[in-house]
Structures are given as C-alpha cells and as structure tokens.
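A closer look at the structure
Residues per chain, in single letters:
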Amino acid sequence: MTPDRLARSLAGMLLTIGTLHFVAPKPFDEIIPEEIPADPRTLTYASGVAEVAIGAGLLSPRTRKPAAALAAALFIAVYPANINMVRLWKDKPPALRAVAIGRLPLQFPMIWAAVKVFRGTPAK
C-alpha cells in the first residue's frame, strides 16, 4: 500500500475513533490505567482531540509528515490503556477477553503504517 493510501486509511480510523471519544466516552474512560494521575474523562477527551487533529493532519499533503510522526507517538502512548483493558477484562467472557488481547498486537501494524507514511512523505 502506498504512503498516500496508508495516510488516508489511518486518517479515517483516527477521525472515527477520535469522534467516538466524544460520542461515547465511558468505554475509553474505563480502560485508562488508575496509575495515571489524571481525570479519565479529561484524558479521554484529550486523546479524542489528538486523534481527530492527527487524522485531519494526515489528509493534507502539507501536514502529513508531522501528523504521521504524531500518529506513531500516539499509538505508542495509548498502548498502556490497551494493556490495562486486558487486565480489566480478565474475568469477562472468552470472546471479550480475545478482543482485548487481540488489540495488543494490532498496535504494531498501526505504528508501522504511521512510520511508513512519515518516511514516504516528502518534507514540505
């Protein structure tokens, strides 16, 4: 897949998930690790803003390169919430546990895609 197409795919995903942070914030609040000393709703909204802004940045060739770098950083930054989701869902039915566990390795292709977009986008 070309960097341009990857950028559009990542943008669509980030814009959708970022919007969900505002439409239905509770599930995002719940997976934020208690060890992070901040209000979960504030962090949910902040990550939603970041996802929407980065998604929008990926759509424009002028802002794609820095947005791709920020996307990779964001995917790394939210990984603790995904790990926490596995911890919190340990007593859920097997299908839900599988979803939580399955999310963990999916972060790596997303990071790779963001890096590929970054590397394949000429500086403006």
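As a reminder, the structure under discussion sits directly above these lines.
Residues numbered from 1 in each chain as written. Predicted model: local features only at pLDDT ≥ 70, side-chain atom pairs only at ≥ 80, totals over all residues. Heavy atoms only, no water.

1. Focus on the overall build of the protein chain
If you tally the helices and strands in the protein chain, you get 6 helices and 0 strands. The burial tally for the protein chain puts 32% of its 124 residues in the buried class. Contacts spanning at least 24 positions in sequence make up 68% of the contacts within the protein chain whose residues lie at least 6 apart. Accessible surface computed for the protein chain: about 7,300 Å², of which carbon and sulfur atoms make up 70%. (Helix = DSSP H or I, 4+ residues; strand = E, 2+ residues; numbered from the N terminus. Buried < 20%, exposed > 50% of the residue type's maximum accessible area, 1.4 Å probe, protein only. Contact = heavy atoms within 4.5 Å. Areas by Shrake-Rupley, 256 points an atom, 1.4 Å probe, with all protein chains shown as cover.)

2. Concerning the pattern of salt bridges
Enumeration according to the criterion identifies 6 salt bridges in this entry. Here R64 makes a salt bridge to D4, at a shortest N to O gap of 2.7 Å. Of this pair, R64 sits in helix 4 (residues 64-77) while D4 sits in helix 1 (residues 3-23), and the two are 60 residues apart along the sequence. Residue class for D4 comes out partly exposed when judged on its relative accessible area of 33%. Note that E30 is salt-bridged to K26, the shortest N-O span being 2.4 Å. On the criterion of helical spacing, the pair formed by E30 and K26 is a turn pair, its members being 4 residues apart in helix 2 (residues 26-31). Each of D4, R8 and R64 takes part in salt bridges that share partners, so that together they form one network. (Salt bridge = Lys/Arg side-chain N within 4 Å of Asp/Glu carboxyl O.)

3. Some words on a nonpolar patch on the surface
Taken together, the side chains of I17, L20, F22, V23, Y45 and V49 define a hydrophobic patch exposed on the protein surface, amounting to about 500 Å² of accessible area. Within the residue set of the nonpolar patch, elements represented by two or more residues are helix 1 and helix 3 (40-59). (Patch = residues over 30% accessible without salt bridge, like charges linked within 9 Å, V, L, I, M, F, W, Y side chains within 5 Å.)

4. Looking at the side chain of T44
Here T44 is to be found in helix 3. Overall, T44 belongs to the buried group, its relative accessible area being 1%. Side-chain polar atoms of T44 contact the side chain of D29, separated by 2.5 Å. T44 has contacts with H21, P25, F28, D29 and I32, leaving out every residue within four places of it along the chain. (Polar contact = N/O pair within 3.5 Å; in protein donor to acceptor, adjacent residues only side chain to side chain.)

5. What about the nonpolar core?
In this structure, L10, L14, I54, L58, F75 and V117 are the most contacted members of the largest nonpolar core, which totals 18 residues. At the level of secondary structure, the elements contributing two or more residues to this core comprise helix 1, helix 3, helix 4 and helix 6 (94-120). No other element matches the 6 residues that helix 4 contributes to this core. Ignoring any residue separated from it by four or fewer positions in sequence, one finds L10 in contact with L58, F75, M110, A113, A114 and V117. (Core = buried A, V, L, I, M, F, W, Y, C linked by side-chain atoms within 4.5 Å.)

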